[in-house]
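Below, each chain spelled out in residue letters.
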Amino acid sequence: MTMPHHALDIALTRPLTPAELRQATRTMPLAANHDATHLLAVAHAKTPGKALNRLRQQLGGQLPIDVITTHYPDANGQILLNVAFPPAVYTTLKTAARCAGQSPERFMERALHRALAERADQEADRLDHALRQLLAHTTPAHLLSAVGHALTRRSESHT
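Treat the numbers as computed from the prediction; the structure is a model and nothing was measured.

(A) Just the overall build of the protein, in detail. Scanning the protein from terminus to terminus reveals 5 helices and 5 strands. Scanning the protein from its N terminus toward the C terminus, one meets helices and strands in the order β-α-β-β-α-β-β-α-α-α. Rg of the C-alpha trace for the protein: 21 Å, well past the compact-globule value of 15 Å for 159 residues, more than 25% over. When the backbone C-alpha atoms are referred to their principal axes, the protein occupies close to 60 × 45 × 35 Å. Within the protein, the proportion of its 159 residues that are buried is 19%. Expressed as a percentage of contacts within the protein between residues at least 6 apart in sequence, the contacts between residues at least 24 apart total 57%. Taken as two groups, the 17 positive and 13 negative side-chain charges of the protein have centres that lie 8 Å from each other.

The following block contains the structure:
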C-alpha cells in the first residue's frame, strides 16, 4: 500500500530570508510565494492530520511558522489547521474546553466556526447597508447594469 501525499500550506509570521529558505528546502521540498511569507509543501502520511503534525515536527524549529493548513478541502469540505500555542495559552484553552465539556480541538473548532459565521453575518450586513445607500440614489435597473459592467471589467483585467 502506498502512502498518500498531502498538500500543505504554511503561513509564516514573517518573510524568510533567502538563507532560511535554502536551509528549509534541504529538509523537504518547498515552494515559496513571491515574498516568502507562505510556503507550500507535499507531505507523505496516512492522514492529513498526521501530515500536518509531521511537517510541524520537521520544520517547526527552523521556520517562524504561524499556521499550517491542508491546501485542499477534505471530502467534507473542511480545511485542517495546525496551530502551535504557547504553553500558557494552551493551558487556558484546555481549561475552557474542559469547562465546556469538550476536547481542546473540538472547542477550537466550534469557536472558529462561530467566529467565521459572525464574520459572514457582518459582511452580509455591510453589503446590505451599502446596497441600500446605492439604491437611495439610483434605480435597481441602473445599479444592476453598473454591477454587470464592473464585474465584466474586473474579470477582463484578471485574464
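(B) Highlighting the side chain of histidine 6. Considering the arrangement of structural elements, one finds histidine 6 in strand S1 (residues 5-12). A residue is classified by how much of its surface remains accessible, and histidine 6, at 12% relative accessible area, is buried. Reaching out from histidine 6, the side chain makes a polar contact with the backbone oxygen of alanine 45 at a distance of 3.0 Å. Beyond its immediate sequence surroundings of up to four residues, histidine 6 is in contact with Ala41, Val42, Ala43, Ala45, Lys46, Thr47, Pro48 and Ala51.

(C) Layout of helix H3 (residues 87-99). With 13 residues, H3 extends 18 Å between its outermost C-alpha atoms, agreeing within 8% with the 18 Å of an ideal straight helix rising 1.5 Å per residue. Backbone geometry just downstream of H3 places glycine 101 in the positive-phi region, at approximately 70 degrees.

(D) Seen up close, the side chain of threonine 37. Following the sequence through the fold, threonine 37 ends up in the loop between strand S2 (30-32) and strand S3 (38-44). Of the polar contacts made by the side chain of threonine 37, one reaches the side chain of aspartate 35; its length is 2.8 Å.

(E) Expanded view of the sheet that holds strand S4 (residues 65-70). The strand order across the open sheet built from 5 strands is S2-S3-S1-S4-S5, with neighbouring strands paired in antiparallel fashion. In the strand order of this sheet, the two ends are held by S2 and strand S5 (81-83), each with one partner. Taken pair by pair, the neighbouring strands of this sheet meet at an average axis angle of 25 degrees, ignoring direction.

Quick notes on the rules
Residues numbered from 1 in each chain as written. Predicted model: local features only at pLDDT ≥ 70, side-chain atom pairs only at ≥ 80, totals over all residues. Heavy atoms only, no water. Helix = DSSP H or I, 4+ residues; strand = E, 2+ residues; numbered from the N terminus. Rg over C-alpha atoms; globule rule 2.2 N^0.38 Å. Buried < 20%, exposed > 50% of the residue type's maximum accessible area, 1.4 Å probe, protein only. Contact = heavy atoms within 4.5 Å. Lys, Arg positive; Asp, Glu negative; His and termini not counted. Charge placed at Lys NZ, Arg CZ, Asp CG, Glu CD. Polar contact = N/O pair within 3.5 Å; in protein donor to acceptor, adjacent residues only side chain to side chain. Expected span 1.5 Å × (residues − 1). Pairing = 2+ DSSP bridges. Axes fitted to C-alpha atoms, helices over the stretch in contact; angles between N-to-C directions.

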